[in-house]
Amino acid sequence: MKVINSEWFSIRALTLPATAIALLVSFVIVWLVLRVQFPKIWSGVYGDAIFTFILVWKFSVIITDFQSVIAHPLTLLYFNGGTLGVLLGTTAILLQLWWKRRQLPFDTTGVTASGWAIILTQSIYQSFVVLLNDNPLHSEVITLVVLSVLTILILWKVTATNIALLIYTAGYISVATLQPYGFWQPAVGVSILLLILGIGVHRIGGTE
């Protein structure tokens, strides 16, 4: 489900791409859902994980484009580490959760909350990217319909979180392969990374 950023939004002196707006909005919505649906601790865990991800993703540009950062320090405000930054950010979240594993009640509720967080973040983010950008109509319709149906059915019917993550990722990748950019696009890689993150959380919590 490749969607191309075509719109930019200005917030006072800061100009952000639609993809960044979609990401921030998805974080806020998922945090609110977790706050309402699960014990308070899990919205806090999600908030901490997102803060860690944003920091690592944003400042990973130091690794991906060190020369530009040295020459123009303001690069840190406007650019990020791209796909490598997403990988590093996801790894940082997993390490953070592993470090906190003794403090967190990773029971069935905790594992379910993590599965919801991963699936909802992907689904809401992709949906807002479609809505905020100007993309081919067929791509928009396919993305919105498939993600909505997948998300609703999985969260409503599938109780095993590992299975829910596998079904969602498989469905996401299957539809992505039908798009012009096919399997080889960053969004697919990110979805697989998030699946790995979800499985990692299960292992941390000792849940099969």
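Observations regarding the confidence of the model for the chain
Across the chain, the average pLDDT comes to 77, with 77% of residues at or above 70. Within the chain, strand β1 (residues 8–11) has the poorest average pLDDT of any element, 53, and helix α2 (residues 40–59) the best, 90. Within the model, the stretch residues 1–6 combines pLDDT values under 50 with 27 contacts to residues more than four positions away or in other chains.

Remarks on the environment of Leu 55
Assignment of secondary structure puts Leu 55 in helix α2. Exposure remark for Leu 55: the relative accessible area of 37% places this residue in the partly exposed category.

Notes on the nonpolar core
The biggest cluster of nonpolar side chains holds 36 residues, and the ones touching the most others in it are Val 30, Leu 34, Trp 42, Tyr 46, Leu 97 and Tyr 168. Of all elements in the fold, only α1 (18–37), α2, α6 (82–99), α7 (108–132), α8 (137–157), α9 (161–176) and α10 (186–205) reach the threshold of two or more residues within this core. Beyond its immediate chain neighbours, meaning those up to four positions away, Val 30 contacts Tyr 46, Ala 117, Leu 120, Thr 121 and Ile 124.

A word on the packing of aromatic side chains
Each aromatic ring pair is characterised by the separation of its centres together with the angle its planes make. Inspection of the entire model under this criterion finds two aromatic pairs. Both rings, one in Phe 53 and one in Trp 57, keep their centres 6.2 Å apart while their planes meet at 10 degrees; by these two values the pair is stacked. Of the two residues, Phe 53 and Trp 57 are both situated in helix α2; the distance of four residues between them amounts to about one turn of the helix. The pair Phe 53 / Trp 57 is uniform in exposure class, with both members buried.

Considering the side chain of Thr 151
Here Thr 151 lies in helix α8. Judged by relative accessible area, which is 8%, Thr 151 ranks as buried. When residues no more than four places from it in sequence are discounted, the contact partners of Thr 151 are Ile 119, Leu 120, Ser 123 and Tyr 168.

Description of a nonpolar patch on the surface
Taken together, the side chains of Phe 51, Leu 55, Phe 59, Ile 62, Ile 63, Phe 66, Ile 70, Leu 84 and Leu 87 present a nonpolar region at the surface, about 830 Å² in accessible area. Only α2, α3 (61–64), α4 (66–71) and α6 provide two or more residues apiece to the nonpolar patch. Ranked by residues supplied to the nonpolar patch, first place goes to α2 with three residues.

Brief notes about α6
Over its 18 residues, α6 runs 26 Å from end to end, which matches the ideal 26 Å to within 8%, given 1.5 Å per residue. Residues Gly 85, Val 86, Gly 89, Thr 90, Ala 92, Ile 93, Gln 96 and Leu 97 constitute the buried set of α6. Along α6, the residues classed as buried sweep out an arc of 160 degrees about the axis, all on the same side. Projecting away from the buried face of α6 at angles above 90 degrees are the exposed residues Leu 95 and Trp 99.

Cut-offs applied
Residues numbered from 1 in each chain as written. Predicted model: local features only at pLDDT ≥ 70, side-chain atom pairs only at ≥ 80, totals over all residues. Heavy atoms only, no water. pLDDT = per-residue confidence, 0-100. Helix = DSSP H or I, 4+ residues; strand = E, 2+ residues; numbered from the N terminus. Contact = heavy atoms within 4.5 Å. Buried < 20%, exposed > 50% of the residue type's maximum accessible area, 1.4 Å probe, protein only. Core = buried A, V, L, I, M, F, W, Y, C linked by side-chain atoms within 4.5 Å. Phe/Tyr/Trp six-rings, centres within 6.5 Å; stacked < 30°, edge-to-face > 60°. Patch = residues over 30% accessible without salt bridge, like charges linked within 9 Å, V, L, I, M, F, W, Y side chains within 5 Å. Areas by Shrake-Rupley, 256 points an atom, 1.4 Å probe, with all protein chains shown as cover. Salt bridge = Lys/Arg side-chain N within 4 Å of Asp/Glu carboxyl O. Expected span 1.5 Å × (residues − 1). Arc of directions from axis to C-beta.

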